[in-house]
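Each chain, letter by letter, is given below.
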Amino acid sequence: LKQFEEAETMYLEELHFMEQHGFSQQQISIAFSNLALTYRQWGNITFAIDKYEKSVSLKRRQSNVDQLSLSTTLFNQAFCYVESGQLDQALCLYEEVLTIRKRALPPSHLLLANTMRGLSVCYLAQGRLEDARRLANDALRVASAALPDGHSKLGWYLYSVAECHRQSGAIDESIELYERAMDIFSHHLPRHSTALATVKRDLAMAYDGKGRTDKAVELMKESIAINKQQLLEIHPTTAKSLVGLGAILCKKGDLNEAGVHLDSGLSILLTTLPASRPTSDALYWLGFISLHRVQLADAQQHLTECLRLRQAIYPRGHSKIVSAETLLDQVVEELQSRECSMIDDNCM
């Protein structure tokens, strides 16, 4: 934390000095990008987005702006939009980045692969599984041609394809790809790398989908341990693993432990992300717990907000919306049943 605070202070002082002494828009925009990256690594996505927006605004005012440099800032800004659940804004930026890079680079360039992978992540978050799978596979094809076998960056492309398989229900295929990505990361990166933590988290969800709950819990706890060691205590990446563990434990029936992890994950997300924050999974499972504890008012509150957030992201009929509607209907039916019982009791 001290290192991040020192970096923040340094960049803020640098920006103030630049603005006071008439530095160019290009130089000031770079300083804003550096500050945004610090906030992003810190886990404060709200502040990161604000500084990326300032950097982009300054770059767009320049008559001779380097388009590839602009595309890098736009790409990083889009990543933060995805993290915060602002998917329409992210999609517009990723598409602009892809247009710039297609115009400036050969079709086999690795930056194009990375852009397609980012766009795939955005489509996946919107529930557009076919579009996401197509782009993830295209990105993997380009990256595989551009990089030597086993290169550490290939792990991310395999991971993206694995995510598409998992979310479309092809669990066995996803597990195979997650494990290939883990092998690559384990070979090239430190054993406590956050890249490994991310793959472990989503591999855990895949194992949970196969009914291997104990293995899923083990992997999710390993992911949390790595993130807590490598990142700040309050970081949205850690929160995702806490929510994931809470979801698995709910299905296992360990509601007390699940509730602790879900509350912790939700608290972090509310602290580090803007109002559009992707908290619906935490709210869904907290609603599930409240329903099973017959805390119906709490369940209704959690699930109503969960449904609102999901309806703003996913297309009508998406499984995420249906699951929230189904659970909320159970809560409403239980509330109505209790109201009827109270009326009957009063009439006796």
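Here the structure is a predicted model, which is why all the values come from computation and not from measurement.

About the cut-offs
- All residue numbers refer to positions counted from 1 along the written sequence of the respective chain.
- Given that this is a predicted model, residues contribute local features only at a pLDDT of at least 70 and side-chain atom pairs are listed and counted only at 80 or more, while totals for whole chains, interfaces and linings are drawn from all residues.
- Think of the side-chain values as coming from all heavy atoms in the structure, minus any hydrogens and water.
- Runs of E in the DSSP output that reach at least two residues are strands. Runs of H or I that reach at least four are helices, and both are numbered from the N terminus.
- Only C-alpha atoms enter the radius of gyration; for comparison, a globular chain is expected to reach 2.2 Å times N to the power 0.38, where N is the number of residues.
- To measure how exposed things are, a 1.4 Å probe is used in the Shrake-Rupley method; for residues, cover is taken only from the protein chains shown.
- Charge convention: Lys and Arg are scored as positive, Asp and Glu as negative, and His as well as the terminal groups of each chain are ignored.
- In this description, the location of a charge corresponds to atom NZ of lysine, CZ of arginine, CG of aspartate or CD of glutamate.
- Counting rule for disulfides: a pair of cysteine sulfur atoms within 2.5 Å.
- By definition, residues are in contact when any of their heavy atoms lie within 4.5 Å.
- Each Phe, Tyr or Trp ring, with Trp reduced to its six-membered ring, pairs with another whose centre is within 6.5 Å; inter-plane angles below 30 degrees give stacked pairs, above 60 give edge-to-face pairs, and intermediate values give tilted ones.
- Categorising residues by exposure relies on relative accessible area from a 1.4 Å probe, with only protein chains included: less than 20% of the type maximum marks a residue as buried, more than 50% marks it as exposed, and the intermediate range marks it as partly exposed.
- By definition here, charges over rings are those cases where NZ of Lys or CZ of Arg is within 6 Å of the ring centre and within 35 degrees of the ring normal.
- Every helix has an expected span of 1.5 Å times one less than the residues it contains.
- Fitted lines through C-alpha atoms serve as axes, helices being fitted only where they are in contact, and the angles separating the N-to-C directions of these axes extend from 0 to 180 degrees.
- For classification purposes, an angle smaller than 35 degrees is called roughly parallel, one larger than 145 roughly antiparallel, one from 65 to 115 roughly perpendicular, and anything else oblique.
- Helix crossings fall into two classes, left-handed where the near helix is turned counterclockwise from the far one by less than a right angle and right-handed where it is turned clockwise.
- Note that Gly is not counted as nonpolar here; it falls among the polar residues with everything else outside the nonpolar set of Ala, Val, Leu, Ile, Met, Phe, Trp, Tyr, Cys and Pro and the charged set of Asp, Glu, Lys and Arg.
- Scored from 0 to 100, pLDDT records how confident the predictor is in each individual residue.
- For this analysis, a salt bridge means a side-chain nitrogen from Lys or Arg found within 4 Å of a carboxyl oxygen belonging to Asp or Glu.

### Quick look at the overall build of the chain
Phase 1 of the analysis: The helix and strand tally for the chain stands at 16 helices and 0 strands.
Phase 2 of the analysis: Relative to a compact globule of 348 residues, whose C-alpha radius of gyration would be 20 Å, the chain shows 22 Å and is just as compact.
Phase 3 of the analysis: Across its three principal directions, the C-alpha atoms of the chain cover 80 × 50 × 40 Å.
Phase 4 of the analysis: For the chain, the accessible area works out to roughly 17,100 Å², and carbon and sulfur atoms hold 50% of it.
Phase 5 of the analysis: With 36 positive and 42 negative side-chain charges, the chain shows a spacing of 6 Å between the two charge centroids.

### Comments concerning the state of the cysteines
As used in these notes, a disulfide is a covalent bond between sulfur atoms, one from each of two cysteines.
Phase 1 of the analysis: Within the structure shown, the criterion is met by 0 disulfides.
Phase 2 of the analysis: Here cysteine 92 is not disulfide-linked; the sulfur of cysteine 122 is the nearest cysteine sulfur, at 9.0 Å.

### Quick look at the side chain of glutamate 83
Phase 1 of the analysis: Along the chain, glutamate 83 turns up in helix H4 (residues 67-83).
Phase 2 of the analysis: Sequence-distant contacts of glutamate 83, that is, excluding residues within four places in its chain, are made with Ile45, Lys240, Leu273 and Pro278.

### Let's talk about the packing of aromatic side chains
Phase 1 of the analysis: Counted according to the given criterion, the structure contains 9 aromatic pairs.
Phase 2 of the analysis: Relative to tryptophan 42, the ring of tyrosine 39 has its centre 6.1 Å away and its plane inclined at 20°; by these criteria the two rings are stacked. With a gap of 3 residues between them, tyrosine 39 and tryptophan 42 both fall in helix H2 (residues 25-42), about one helical turn apart. For the pair shown, tyrosine 39 and tryptophan 42 are each scored as buried.
Phase 3 of the analysis: Geometrically, the ring pair formed by tyrosine 39 and phenylalanine 47 is edge-to-face, given 5.2 Å between the ring centres and 90° between the ring planes.
Phase 4 of the analysis: By the ring-pair criterion, three or more aromatic residues cluster together here, those being Trp156, Tyr159, Tyr178 and Phe185.
Phase 5 of the analysis: Directly above the aromatic system of phenylalanine 79 lies the positively charged group of arginine 40, at a separation of 4.1 Å from the ring centroid.
Phase 6 of the analysis: Over the ring of tyrosine 157 we find arginine 117, and its NZ or CZ is 5.7 Å from the ring centre.

### Things to note about helix H9 (residues 171-188)
Phase 1 of the analysis: Taking 1.5 Å per residue, 18 residues should reach 26 Å; H9 reaches 26 Å between its end C-alpha atoms and fits that length.
Phase 2 of the analysis: Burial in H9 covers these residues: Ile171, Ser174, Ile175, Leu177, Tyr178, Ala181, Met182, Ile184 and Phe185.
Phase 3 of the analysis: Among the structural elements, helix H8 (154-167) and helix H10 (194-209) are those in contact with the buried residues of H9.

### Some details on the packing of helix H5 (residues 87-104) against helix H6 (residues 110-125)
Phase 1 of the analysis: Look at H5 against H6: their axes get within 10 Å of each other, and the N-to-C directions meet at 160°. One finds that H5 runs roughly antiparallel with respect to H6. The interaxial crossing formed by H5 with H6 has left-handed handedness. Contacts between H5 and H6 involve Leu87, Ala90, Leu91, Tyr94, Glu95, Val97, Leu98, Arg101 and Lys102 on the former and, on the latter, Leu111, Leu112, Thr115, Met116, Gly118, Leu119, Cys122, Tyr123 and Ala125.
Phase 2 of the analysis: Partitioned by chemical class, the residues of the contact of H5 with H6 number 13 nonpolar, 2 polar and 3 charged.

### Things to note about unusual backbone geometry
Phase 1 of the analysis: Its identity as a non-glycine residue notwithstanding, valine 294 has a phi of 60°, on the positive side.
Phase 2 of the analysis: Taking relative accessible area as the criterion, valine 294 reaches 41% and is therefore assigned partly exposed.

### Describing the confidence of the model for the chain
Reading fine detail from the predicted coordinates is not recommended where pLDDT is low.
Phase 1 of the analysis: Model confidence for the chain is summarised by a mean pLDDT of 92, while 96% of its residues fall at 70 or above.
Phase 2 of the analysis: At the low end of the mean pLDDT range in the chain sits helix H16 (residues 319-347), at 83; at the high end sits H8, at 97.

### Comments concerning the pattern of salt bridges
As a working rule, side chains carrying opposite charge can pair if their charged atoms are close by.
Phase 1 of the analysis: Tallied over the entire structure, the rule returns 20 salt bridges.
Phase 2 of the analysis: Note that aspartate 208 and lysine 251 form a salt bridge whose closest N and O atoms lie 2.4 Å from each other. Pair noted here: aspartate 208 is in helix H10 and lysine 251 is in helix H12 (residues 236-252), with a separation of 43 residues, a long-range link.
Phase 3 of the analysis: Given the relative accessible area of 11%, aspartate 208 is considered buried.
Phase 4 of the analysis: Look at lysine 251 and you get partly exposed, because its relative accessible area is 48%.
Phase 5 of the analysis: Residues arginine 338 and glutamate 334 are paired through a salt bridge, measuring 3.3 Å at the closest nitrogen-oxygen approach. Placement of the pair is arginine 338 and glutamate 334 together in helix H16, with a separation of 4 residues, close to one helical turn.

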